Amino acid sequence: HKDIFKKYVVGLILCYIKALSEGMSPITKKKLMPSIYALLDVCSDFETRQINAMIDVPSKTLFAPVFKSYQKFYQYHGQA
């Protein structure tokens, strides 16, 4: 189901980025983070590049820390 769901993930993440740019409470952001990490986990490099191409520079600035924390704390790196 991951491959079928992938085409919708980009849109969901873009909605999250839009909400970040419009102002999101820290409590809401904290509660959404596990879901955003799970959505990012579904994305391949293609979808990640697609997201980066579709957002403007201020949105990239807002999304960069989210993506970096995903890479640092959530993304599987093949280590046990």
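Peer 1: Whenever I open this one, a nonpolar patch on the surface confuses me. Can you help?
Peer 2: Among the surface-exposed residues, Phe-5, Tyr-8 and Leu-12 lie close enough to one another that they form a single nonpolar patch of about 300 Å² accessible area. Residue placement: Phe-5 occurs in helix 1 (residues 2-22).

Peer 1: What exactly am I supposed to notice about the packing of aromatic side chains here?
Peer 2: What characterises a pair of aromatic rings is the spacing of the ring centres plus the angle enclosed by the ring planes. This model, assessed by the stated rule, comprises five aromatic pairs. Here Phe-67 and Tyr-70 contribute two aromatic rings whose centre-to-centre distance is 5.8 Å and whose plane-to-plane angle is 40°, an arrangement assigned as tilted. Of this pair, Phe-67 and Tyr-70 are both found in helix 4 (residues 57-74), three residues apart, which corresponds to roughly one turn of the helix. Among the residues examined, Tyr-70 registers a relative accessible area of 3% and is labelled buried. The structure contains a cluster of three or more aromatic residues connected by ring pairs, namely Tyr-37, Phe-63, Phe-67, Tyr-70 and Tyr-74.

Peer 1: Just to check I follow, could you spell out the nonpolar core for this structure?
Peer 2: Across soluble globular proteins, nonpolar side chains show a tendency to be buried alongside one another. The biggest cluster of nonpolar side chains holds 19 residues, and the ones touching the most others in it are Ile-13, Ile-17, Ile-51, Phe-63 and Val-66. Of all the secondary structure elements, the ones that give two or more residues to this core are helix 1, helix 2 (26-42) and helix 4. Among the elements that make up this core, the one with the highest residue count is helix 1 (seven residues). Once you skip the residues sitting within four places of it in the chain, Phe-63 turns out to touch Ile-13, Ile-17, Leu-40, Ile-51 and Ile-55.

Peer 1: For this particular structure, what's the right way to read the pattern of salt bridges?
Peer 2: In a structure, side chains of opposite charge can pair up when their charged atoms sit close to one another. Enumeration over the complete set of coordinates arrives at two salt bridges. Taking the shortest distance from any N to any O, the salt bridge between Asp-3 and Lys-6 comes out at 3.7 Å. Placement of both Asp-3 and Lys-6 in helix 1 is noted, with a separation of three residues, approximately one turn of the helix. We note a salt bridge from Glu-22 to Lys-18, for which the minimum N-O separation is 4.0 Å. Here the residue Glu-22 and the residue Lys-18 both occupy positions in helix 1, the gap between them amounting to four residues, near one helical turn. A relative accessible area of 58% places Glu-22 in the exposed class. Accessibility expressed as a relative area gives 51% for Lys-18, which makes it exposed.

Quick notes on the rules
Residues numbered from 1 in each chain as written. Predicted model: local features only at pLDDT ≥ 70, side-chain atom pairs only at ≥ 80, totals over all residues. Heavy atoms only, no water. Patch = residues over 30% accessible without salt bridge, like charges linked within 9 Å, V, L, I, M, F, W, Y side chains within 5 Å. Areas by Shrake-Rupley, 256 points an atom, 1.4 Å probe, with all protein chains shown as cover. Salt bridge = Lys/Arg side-chain N within 4 Å of Asp/Glu carboxyl O. Helix = DSSP H or I, 4+ residues; strand = E, 2+ residues; numbered from the N terminus. Phe/Tyr/Trp six-rings, centres within 6.5 Å; stacked < 30°, edge-to-face > 60°. Buried < 20%, exposed > 50% of the residue type's maximum accessible area, 1.4 Å probe, protein only. Core = buried A, V, L, I, M, F, W, Y, C linked by side-chain atoms within 4.5 Å. Contact = heavy atoms within 4.5 Å.

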